[in-house]
Amino acid sequence: MNKKDIANIRKQFKVNNDLLQISEIFNVYIMKESSEIYHYQSLPFEMLEEEQKELFMNNFKKVLSGQLDEKLFELKFQRNVENSSQLILHQGLLSHDTDEWTSHMVQIVEKMLKDKQYEMDIVVTFIRGEYQKPMKKRSEESEESERDTVYSHPFILCSMNKTQDPKKELLFDYVEKEFKYNIAVDPIIDLKAPLSGFLFPSITDNASDVNHILYSAGKGNELNYHFIEEVINAEEIITAEEEKFVFEEVVKNVVGNQMNTSTLSNVYDEVQRVIEENEEEEDTPKLDYKDVEKVLKSSGVEDVNQEKVETAFKSVMDDEKYEVKASNIIPKYSSKSIKVKTKAADISVSPQDLRYVRQVEMNGKLYLMIEVEENTVIDGFEMIPEGLFGDTKTKDKTEESQAESESE
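- In the nomenclature of an unreviewed UniProt entry, the protein is known as DUF4317 family protein of Salinibacillus kushneri.

Quick look at the structure:
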């Protein structure tokens with residue numbers, strides 16, 4: 001799935017949307033002390049009150065929110081796995097019987113509990129439904145409705161949520177005119193921040209792909225490996241953060257640990273150019289060792305050859321054929337995503353503006369120099385430009401003043 005596919009299905013999660021039909025919702029309550037199923041309940045989704053539907057719809061959208069390779073990951077199922085979750089989910093998707101459907105989902109929950117101790121009570125929610133996408137946009141001239149022909153995607157979505165103890169509060173009873181202590185003991189289910197989740201099957205080119213599953217992490221770049229490997233039985237993955245580290249290590253292996261801001265800016269520009277040239281493609285462009293060699297050469301790095309880069313890939317990843325996603329290896333290009341920290345001050349700059357930042361040495365000291373288009377204003381004062389070698393306008397004005405005093 002690409003970000004467009006995910007956005008299309010996420011925006012469908014709203015109440016009374018005829019393109020999204022949720023048939024059943026199945027909630028399972030897990031006790032932290034025993035790591036056992038305490039209670040479960042299956043209901044037709046339409047039986048929920050409108051307020052409950054809204055809460056769950058927002059929760060499901062949270063599961064499908066976030067950046068690819070940071071919070072959302074399309075994973076491939078492992079092969080030849082005993083009690084495969086791929087088979088369990090597929091059987092659940094095809095089941096027409098509620099008891100059969102819930103028994104399959106209980107199998108998934110039991111895998112969540114195996115060799116795992118949770119720090120709080122957990123509620124796992126499953127829904128199964130159907131998402132429909134019109135095959136073509138509606139034409140004002142045509143009498144045919146955009147809903148007449150649609151792509152149909154049956155799916156199962158899972159959301160894992162933590163619980164919280166009720167707040168201890170003092171209440172005022174208007175009728176009895178007295179203060180009362182809130183003695184509520186029912187735990188609160190936090191639907192605003194899912195811990196994990198998934199969408200099965202994946203959707204690629206408007207077709208369901210039962211060999212892949214969309215996994216959702218609770219936080220960006222913080223993966224639940226037990227959930228990935230033992231619960232949904234997916235193959236090992238690498239996050240955007242880890243892939244950026246891989247690229248950095250490859251470059252360091254080729255050019256060393258030092259690089260000026262001008263060259264680094266050129267590297268980011270070259271990678272961004274590759275991304276923009278492939279914007280129309282469905283898949284994110286990837287760079288192999290040959291592509292990285294071209295990027296470095298085009299950025300002005302000297303003494304670079306294909307063999308050096310290939311060796312660097314093998315050294316870092318133990319795989320010279322490994323490809324890195326272009327979008328994962330540079331900071332967000334148009335936002336101030338690069339943080340520069342010094343003892344005196346911290347600054348933020350975008351990759352496209354990094355060329356205006358320089359580190360210079362003068363009189364044995366290091367300085368951070370930023371090119372600006374106009375005078376800088378600090379606390380309402382316009383800063384006076386200073387020369388690199390101490391010949392400032394202030395100094396010139398002072399000397400002029402002293403000369404005038406001496407002549408008098």
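**Section: the nonpolar core**
Part 1 of the argument: One finds Leu-75, Met-112, Val-124, Phe-126, Phe-198, Tyr-215 and Ile-232 to be the most contacted residues of the largest nonpolar core, which totals 35 residues.
Part 2 of the argument: With seven residues, helix α4 (residues 98-113) is the single largest residue contributor to this core.
Part 3 of the argument: Counting residues in each nonpolar core, the second largest holds 30 residues, with Val-246, Val-274, Ala-312 and Leu-354 among its members.

**Observations concerning unusual backbone geometry**
Part 1 of the argument: With omega at -5 degrees, the peptide bond leading from Phe-200 into Pro-201 counts as cis.
Part 2 of the argument: Tracing the chain through its elements places Pro-201 in the loop between β9 (196-200) and β10 (202-204).
Part 3 of the argument: Even without being glycine, Asn-16 reaches a positive phi, approximately 60 degrees.
Part 4 of the argument: In this fold, Asn-16 is placed in the loop between α1 (3-10) and β1 (20-31).
Part 5 of the argument: With relative accessibility at 71%, the residue Asn-16 sits in the exposed group.
Part 6 of the argument: In this structure, Ser-35 is a non-glycine residue whose phi angle is positive, near 50 degrees.
Part 7 of the argument: Within the secondary structure, Ser-35 is located in the loop between β1 and β2 (36-44).

**Looking at the domain arrangement of the protein**
Part 1 of the argument: Examined at the domain level, the protein breaks down into domain 1 (3-135 + 149-237), domain 2 (241-328) and domain 3 (338-382).
Part 2 of the argument: Computed from C-alpha atoms alone, the centre-to-centre distance between domain 2 and domain 3 is 26 Å.
Part 3 of the argument: The partner domain 3 presents seven residues to the six residues of domain 2 that form the contact.
Part 4 of the argument: Of the roughly 530 Å² buried where domain 2 meets domain 3, counting both sides, 56% is carbon and sulfur surface.
Part 5 of the argument: In terms of surface lost to domain 3, no three residues of domain 2 exceed Thr-261, Ser-265 and Tyr-268, which account for 70% of the buried area on that side.

**Thoughts on a negative patch on the surface**
Part 1 of the argument: Taken together, Glu-74, Asp-205, Glu-276, Glu-279, Glu-280, Glu-281, Glu-282 and Asp-283 make up a surface patch of like negative charges.
Part 2 of the argument: The class for Glu-276 is partly exposed, based on a relative accessible area of 45%.

**Quick look at the pairing of strand β6 (residues 170-173)**
Part 1 of the argument: Bridge analysis of β6 against strand β7 (residues 178-181) gives four bridges, and the strand direction is antiparallel. Counterpart to Leu-170 in the pairing with β7 is Tyr-181.
Part 2 of the argument: Here β6 folds back onto β7, and the loop between the two strands holds four residues, one of which, Lys-177, carries a positive phi near 55 degrees.

**Looking at the environment of Thr-98**
Part 1 of the argument: The topology assignment puts Thr-98 in helix α4.
Part 2 of the argument: Residue classification places Thr-98 among the partly exposed positions, given a relative accessible area of 34%.
Part 3 of the argument: Here the alpha-carbon distance between Thr-98 and Ser-35, two residues 63 residues apart in the chain, equals 25 Å.
Part 4 of the argument: A polar contact is formed between the side chain of Thr-98 and the side chain of Glu-24, at a distance of 2.9 Å.

**A short note on helix α2 (residues 50-63)**
Part 1 of the argument: When the terminal C-alpha atoms of α2 are compared, their 20 Å separation across 14 residues agrees well with the 20 Å that a helix rising 1.5 Å per residue should span.
Part 2 of the argument: Every buried residue of α2 is accounted for by Lys-53, Phe-56, Met-57, Asn-59, Phe-60 and Val-63. Projection of α2 onto a plane perpendicular to its axis shows the buried side chains occupying an angular sector of 160 degrees, all on one side.
Part 3 of the argument: If you follow the buried residues of α2, they end up packed against β1, β3 (72-76), β4 (122-134), β5 (150-164), β9 and β12 (212-217).

**Examining the environment of Phe-56**
Part 1 of the argument: Counting through the fold element by element, Phe-56 comes out in helix α2.
Part 2 of the argument: Classification of Phe-56 as buried rests on a relative accessible area of 12%.
Part 3 of the argument: Linking Phe-56 and Lys-343, residues 287 residues apart in sequence, is a C-alpha distance of 47 Å.
Part 4 of the argument: In this view, Phe-56 contacts Ile-25, Asn-27, Phe-45, Leu-48, Thr-125 and Leu-191; residues no more than four positions away in its chain are not counted.

**Here's the deal with the packing of aromatic side chains**
Part 1 of the argument: Counting across every chain of the model gives 12 aromatic pairs.
Part 2 of the argument: On the numbers, 5.5 Å between centres and 85 degrees between planes, the contact of Phe-172 with Tyr-174 is edge-to-face.
Part 3 of the argument: Between Phe-198 and Phe-227, the aromatic rings sit 6.3 Å apart at their centres with planes inclined by 45 degrees, giving tilted as the arrangement. Of this pair, Phe-198 sits in strand β9 while Phe-227 sits in helix α5 (residues 225-231), placing them 29 residues apart in sequence. For the pair Phe-198 and Phe-227, one class covers both residues: buried.
Part 4 of the argument: A network of ring pairs unites the aromatic residues Phe-13, Phe-56, Phe-60 and Phe-155 as a single cluster.

**Looking at the packing of helix α7 (residues 261-277) against helix α8 (residues 289-298)**
Part 1 of the argument: Relative to each other, α7 and α8 sit at 130 degrees, their axes nearing to 8 Å. Taken together, α7 and α8 sit at an angle that is classed as oblique. With respect to the hand of their crossing, α7 and α8 are arranged in right-handed fashion. Of the residues in α8, those touching α7 at Val-267, Glu-270 and Val-271 are Val-295, Leu-296 and Ser-298.
Part 2 of the argument: Here the contact of α7 with α8 is built from residues that sort into four nonpolar, one polar and one charged.

Conventions adopted
- Residues numbered from 1 in each chain as written.
- Predicted model: local features only at pLDDT ≥ 70, side-chain atom pairs only at ≥ 80, totals over all residues.
- Heavy atoms only, no water.
- Core = buried A, V, L, I, M, F, W, Y, C linked by side-chain atoms within 4.5 Å.
- Buried < 20%, exposed > 50% of the residue type's maximum accessible area, 1.4 Å probe, protein only.
- Helix = DSSP H or I, 4+ residues; strand = E, 2+ residues; numbered from the N terminus.
- Domains from an automatic or database assignment.
- Contact = heavy atoms within 4.5 Å.
- Buried area = accessible area lost by both parts, 1.4 Å probe.
- Patch = residues over 30% accessible without salt bridge, like charges linked within 9 Å, V, L, I, M, F, W, Y side chains within 5 Å.
- Areas by Shrake-Rupley, 256 points an atom, 1.4 Å probe, with all protein chains shown as cover.
- Salt bridge = Lys/Arg side-chain N within 4 Å of Asp/Glu carboxyl O.
- Lys, Arg positive; Asp, Glu negative; His and termini not counted.
- Charge placed at Lys NZ, Arg CZ, Asp CG, Glu CD.
- Pairing = 2+ DSSP bridges.
- Polar contact = N/O pair within 3.5 Å; in protein donor to acceptor, adjacent residues only side chain to side chain.
- Expected span 1.5 Å × (residues − 1).
- Arc of directions from axis to C-beta.
- Phe/Tyr/Trp six-rings, centres within 6.5 Å; stacked < 30°, edge-to-face > 60°.
- Axes fitted to C-alpha atoms, helices over the stretch in contact; angles between N-to-C directions.
- Parallel < 35°, antiparallel > 145°, perpendicular 65-115°, else oblique.
- Left-handed = near helix turned anticlockwise from the far one by under 90°.
- Nonpolar A, V, L, I, M, F, W, Y, C, P; charged D, E, K, R; others polar.

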